[in-house]
Amino acid sequence: PEPEPEPENPALDAESKAGSKVGSNEGSEAGDAPEEAPTAEAAPEPEPEPEPEPVVAPPAPASQASDAAEGEEEEAEPHPFTTIADHIEQNEEEWRAWYDLDAPEQTPFPGGYSESLNVFEQMLLLRCIRVDRVTVAITKYVINILGEKFVQPPILNYEKIYSMSSAMTPVVFVLSPGADPAFDVFRLGESMGYKPGAKLKYMALGQGMGPKAAEMLETGSMRGLWCMLQNCHLLPSWLKTLEKILEQITKPHKDFRLWLTTAPTDRFPLGILQRSLKVVTEPPNGLKLNLRASYAKISEDELAECPHTGFRPLTYVLAFFHAVVQERRKYGKLGWNVAYDFNETDFRISQQLVKTYLTKAFDNDDDQLPWGTLRYLIGEAMYGGRVSDSFDRRILTTYLDEYLGDFLFDTFQPFHFFQSEELDYVVPAQGSRDAYAKMINTLPLYQTPEVFGLHANADIAYYTGATKELWVNLIDLQPRSAGGGGGMSREDYIGTVANDVLDKIPELFDMPVIKKQLGIPSPTQVVLLQELDRFNILAKTMKSTLKQLQKALIGEIGMSNELDMLATALFNGLLPGAWAKKTAATEKKLGAWMLWFERRYRQYVDWVENGEPAVMWLSGLHIPETYTAALVQAACRDKGWPLDKSTLYTKVTRYTDPSEIPEKLQHGAYIQGLYLEGASWDLERSMLKRQDPKVLVTELPILQVIPVEGSKLKLQNTFKTPVYVTQSRRNAMGVGLVFEADLATSEHSSHWVLQGVALSLNIDQ
């Protein structure tokens, strides 16, 4: 008798894995239970269905083809996903309560979907509802499938690293921000009789240091010394010479060791990597682990060297500050504009400074500690020496103002780093080094962003960013083969997208005619002409590259590397790199960017035909800072102010719709399209307020920008808020800042500084 047809099982469960080796390609047979596998092999195969005759019709998307195939299955059970939308709509309150949970992935889905969906399908559902929790769910998924060791960085044992090395096998430390293995290597050397500076020679590479490093290696290989070359990535041109030197060292002293540290770089010679032992160093993850790592390298004798009673608590405060500035980097641009490499060296030198000044105060019997000097040396010289961004330095000095002062020793009002109903981060009472270590062990393993002065939403922003980065990488890894099963091929899809974009590219602006109409242009009209020139260049680039791509798709011309990159970007829904170089800075994907492109064109047309808009959409300008500079220049011409002593004053209006603005300002402008990050806006009180839960970005009402003389501007109860072009804020080269806005506030400015409050002209939506 023929076997009864089994219903299709689209969900991959544990039993399907056991039966996946059965010799059949059908999904239903692949999911058979193990004991049924021999029967499935022995039974006669059912007669294959006749192949459908080819039909001349437009290609259907692959999803439609698969839907059609499922429709042919008789009595197939509907997948749980087919009812999910209706269930959410009918049980909105239940799903809303699940959505509002801090960690919804730890709670079963409403409606029993946790039982009807496998683990991977549950991640797909989580991805649709709570994007920010996807990376956490993926981590749990990896732990369940592969094991916990695949998600935890290994603990480095430097004695074991030494035993695995040899005189012919260098050790290469691949650095990550905040990790510095130098002190651990120095400690290992001292324990084995290789004192730093004597039998352990070390050197930080930089321009012109190559010959000295070569001399040190030659001496070290002959005498059996340890040689450490730090920051090899800063002198990539000399690394080829280093490779040749190592090849020439054929019979080194048996005690010779070479230690190299480098940041990840593609210019590191492959020959060195192949013969070396690679070690990846990562800083401790989390406030507790960071504090523990700092105190693991502090001894009781070291604390006893300073007789001042304030040295032990100040060492803890400094360790806490060191952990905070490192952990803040986790939150991306909300934490720091530039990801600084704060490491153990900064902490060690700052600790020595504190010991020196406290010892001096003890010897002189001073009651007052030099807090101002300590804050300046730590915030501006030690840690601040790495900080290149002025707004990041403002964050650093705010932390030190909050952490260093006589209030640390106030017995009537005890100092708290952070305090809530569940948590209380305090300075431990005076005690031994072990007492501080025990206090650190009582801290929670994971901490809320509020400990760093950030809003709880910072965690959502961090995890959402990590998820988006993961998606971009997965999209880049997808195969480029043509679609099968009757679906639209990759080339057809790219051609369709190219046609759609081509249809939306407008005609170029006739610059000679526009210049003739304007006559002698005003400062803002000069900005208009510059903007139109740049827009024309962008439109020409888009049109020419798309036409070339169309020819390449049908085989008229060869597919160059540039055209292949363009095709891949269109297929993945990303902004092509060739266009990104010609347009204003943006993080938008292709679909959102095209809407932005069309809106920019409409504003330019309105500006040309009807004069300067009453409300300027600043986000639509290629270089927005030129417009604000033109406003100041125009006011200085009319009023005779000195240009170098004039500035901008801003005020947030109560208007949210441009149609509410009756007319343009005579001097200054109304600006729309500003997005507030790190805070929210109180429309009734017209001032900053704390963010609402899970609301990361708020659109600011229309902003009034007025040029004023700098000497006449007196402000109070306002917060100087940087205005950036994108949410990437300002990079290490200082590019991205447009101007500073004055936002009213009833809170102290330090609150908003630590919250990372900023305005962006365009977001990635």
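Now for a quick tour of the structure.

Conventions we followed
Residues numbered from 1 in each chain as written. Predicted model: local features only at pLDDT ≥ 70, side-chain atom pairs only at ≥ 80, totals over all residues. Heavy atoms only, no water. Helix = DSSP H or I, 4+ residues; strand = E, 2+ residues; numbered from the N terminus. Polar contact = N/O pair within 3.5 Å; in protein donor to acceptor, adjacent residues only side chain to side chain. Contact = heavy atoms within 4.5 Å. Buried < 20%, exposed > 50% of the residue type's maximum accessible area, 1.4 Å probe, protein only. Pairing = 2+ DSSP bridges. Patch = residues over 30% accessible without salt bridge, like charges linked within 9 Å, V, L, I, M, F, W, Y side chains within 5 Å. Areas by Shrake-Rupley, 256 points an atom, 1.4 Å probe, with all protein chains shown as cover. Salt bridge = Lys/Arg side-chain N within 4 Å of Asp/Glu carboxyl O. Axes fitted to C-alpha atoms, helices over the stretch in contact; angles between N-to-C directions.

### Comments concerning the side chain of D346
Consideration 1: Note on placement: D346 falls in helix α18 (residues 344–363).
Consideration 2: In this structure the side chain of D346 is engaged in a polar contact, spanning 2.7 Å, whose partner is the side chain of R386.
Consideration 3: Leaving out residues up to four positions away in the same chain, D346 has contacts with D341, M382, Y383 and R386.

### Remarks on the pairing of strand β16 (residues 718–724)
Consideration 1: With five of seven residues buried, β16 lies mostly within the body of the structure.
Consideration 2: The sheet contact formed by β16 and strand β17 (residues 737–744) spans seven bridges and is antiparallel. Residue pairing for β17: K720 is matched across the bridge by D742.
Consideration 3: Where β16 and strand β18 (residues 758–760) come together, two bridges link them in parallel fashion. Residue pairing across strands places Y724 opposite S760, the latter belonging to β18.

### Points about a nonpolar patch on the surface
Consideration 1: Nonpolar side chains collect at one region of the surface, where I143, I145, L146, F150 and V151 lie side by side and expose about 440 Å² of accessible area between them.
Consideration 2: Position of F150 among the secondary structure elements: in the loop between α9 (134–145) and α10 (158–164).

### Observations regarding the environment of C636
Consideration 1: Looking at the element boundaries, C636 is found in helix α29 (residues 624–639).
Consideration 2: With 31 residues separating them along the chain, C636 and H667 place their C-alpha atoms 9.7 Å apart.

### Comments concerning unusual backbone geometry
Consideration 1: In this structure, D365 is a non-glycine residue whose phi angle is positive, near 60°.
Consideration 2: Structurally, D365 can be placed in the loop between α18 and α19 (371–382).
Consideration 3: Not every positive phi belongs to a glycine, and K694 is a case in point at roughly 65°.
Consideration 4: Tracing the chain through its elements places K694 in the loop between β13 (687–689) and β14 (697–699).
Consideration 5: You can call K694 partly exposed: its relative accessible area is 23%.

### What to know about the sheet that holds strand β3 (residues 226–230)
Consideration 1: Across the sheet, which stays open at both edges, the five strands sit in the order β2-β3-β4-β1-β5 with parallel pairing between neighbours. Single-partner strands in this sheet number two, and they are β2 (200–204) and β5 (277–280). Mean inter-strand twist for the sheet, computed between neighbouring axes without regard to direction, equals 15°.
Consideration 2: Relative to β5, strand β1 (residues 171–174) runs parallel, the two sharing four bridges.

### Observations regarding the pattern of salt bridges
Consideration 1: Inspection of every chain in the model, using the stated rule, returns 22 salt bridges.
Consideration 2: Among the ionic pairs, R375 bridges to D401, the shortest N-O distance being 3.6 Å. You can see R375 sitting in helix α19 and its partner D401 sitting in helix α20 (residues 390–403), a full 26 residues away along the chain.
Consideration 3: For R375, a relative accessible area of 24% translates into the label partly exposed.
Consideration 4: For the salt bridge of D682 with R685, the shortest nitrogen-to-oxygen distance reads 3.9 Å.
Consideration 5: Here the salt bridges share partners, and the residues they tie into one network are D184, R187, K297, E302, E344 and R348.

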